[in-house]
Amino acid sequence: MSLSLDELTSSGMHRVVLPPGDAGVHLTLSVLSRLTAEAVKAHPEVWEATWKITYKYQQTDEVGQAKALLNYVQSLRWRPDPLTTELVYAPWLVMKNQAGDCEELTSLLASMCMVAGFECRWLVISTVQSKAFHHILLESLINGQWTGMEPSVKSVPLGWIPSGITRALRVPVDNPTSHQLLKPQQLNLGARLKALWVI
C-alpha cells in the first residue's frame, strides 16, 4: 500500500506519493520546514498569537516564554491522520482548527518558537524495535541548551523526551537537508528525563 502526502495550505491541497521508509520521513520534514518558514515570514496570525502568549514574560525569560508556548500547543486537540495519507496542515491552519497530529502540532510550536527568537530542530524518533520513525517533537535552544518540547502529549513539562528511544534523527528546522542520525545513547537526555512513553 502506498501512502500519499497531502499538504493543506491556504492556497489549497497538494498531494504527492510518499516514498517508503526514511525517504518519506525526509520528504515530510522538507514540507514541514517549508510551511514553518512560511508561517514565520508571512502569517501575522502566528506572530500575533506568539506575542499574546509570551507578552507577560521578560525578553530574557526564555524558559517562561518556552513553557507558555508549549502549554498553548499542548492545549490543542490531537487528531490522527487518515489511514493511507500523511496529512500536513500548515501551522496557521492548525491554529484555526485548534487540532493537529504530532508533526502539525510540532510545526506550529516550531513556528511560534522561531517568532519568539528560538533556534529549533526537529527530533524524529522511534520507540519500537522496528526502527521505523513514527513520532516527531521539537528541540529548541533555550538559555544556550537544546531542550525537548513535546507538543503532542498533554501536560508533559518542558525538557521531557520519551524514554525507550531506539532510533533518532535531528534535523534543523531551517535546513532540512542537514541531518544527524543518532543512537539512543547520543541523545544526552540526562537522568532527569526518565519517563514512560506509551504509543
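Just so we're clear, the structure is a prediction, and the values are computed from it rather than from any experiment. (Residues numbered from 1 in each chain as written. Predicted model: local features only at pLDDT ≥ 70, side-chain atom pairs only at ≥ 80, totals over all residues. Heavy atoms only, no water.)

A. Looking closely at the pattern of salt bridges. Across all of its chains, the model carries five salt bridges by this definition. Between aspartate 22 and arginine 167 there is a salt bridge; the shortest N-O distance is 2.6 Å. A residue pair is termed long-range when its members are at least 10 positions apart, and aspartate 22 in helix α1 (residues 21-42) and arginine 167 in strand β9 (residues 167-172) qualify at 145 residues. Salt-bridge contacts for arginine 79 lead to glutamate 104; the nearest nitrogen and oxygen are separated by 2.5 Å. In this pair, arginine 79 is assigned in the loop between β3 (77-78) and β4 (85-89) and glutamate 104 in helix α5 (residues 102-115), connecting sequence segments 25 residues apart. Glutamate 104 shares its class with arginine 79; the two are buried. (Salt bridge = Lys/Arg side-chain N within 4 Å of Asp/Glu carboxyl O. Helix = DSSP H or I, 4+ residues; strand = E, 2+ residues; numbered from the N terminus. Buried < 20%, exposed > 50% of the residue type's maximum accessible area, 1.4 Å probe, protein only.)

B. Just the sheet that holds strand β8 (residues 145-149), in detail. On the basis of which strands lie adjacent, the open sheet formed by five strands has the order β8-β7-β6-β9-β10 and antiparallel pairing. Each end of this open sheet is capped by a strand with a single partner; those strands are β8 and β10 (180-182). For this sheet, the mean inter-axis angle between neighbouring strands, taken without regard to orientation, is 25 degrees. Sheet analysis places strand β6 (residues 120-126) next to β9, joined by six bridges and oriented antiparallel. Looking at β9, one finds that serine 126 is bridged to arginine 167. Packing against the sheet, helix α3 (residues 62-74) makes contact with β7 (135-142) and β8, and its axis sits at approximately 160 degrees to β7. Lying over the sheet, α5 contacts β6, β7 and β8, oriented at roughly 15 degrees with respect to β7. (Pairing = 2+ DSSP bridges. Axes fitted to C-alpha atoms, helices over the stretch in contact; angles between N-to-C directions. Contact = heavy atoms within 4.5 Å.)

Treat this as a map of the structure, not an account of what it does.
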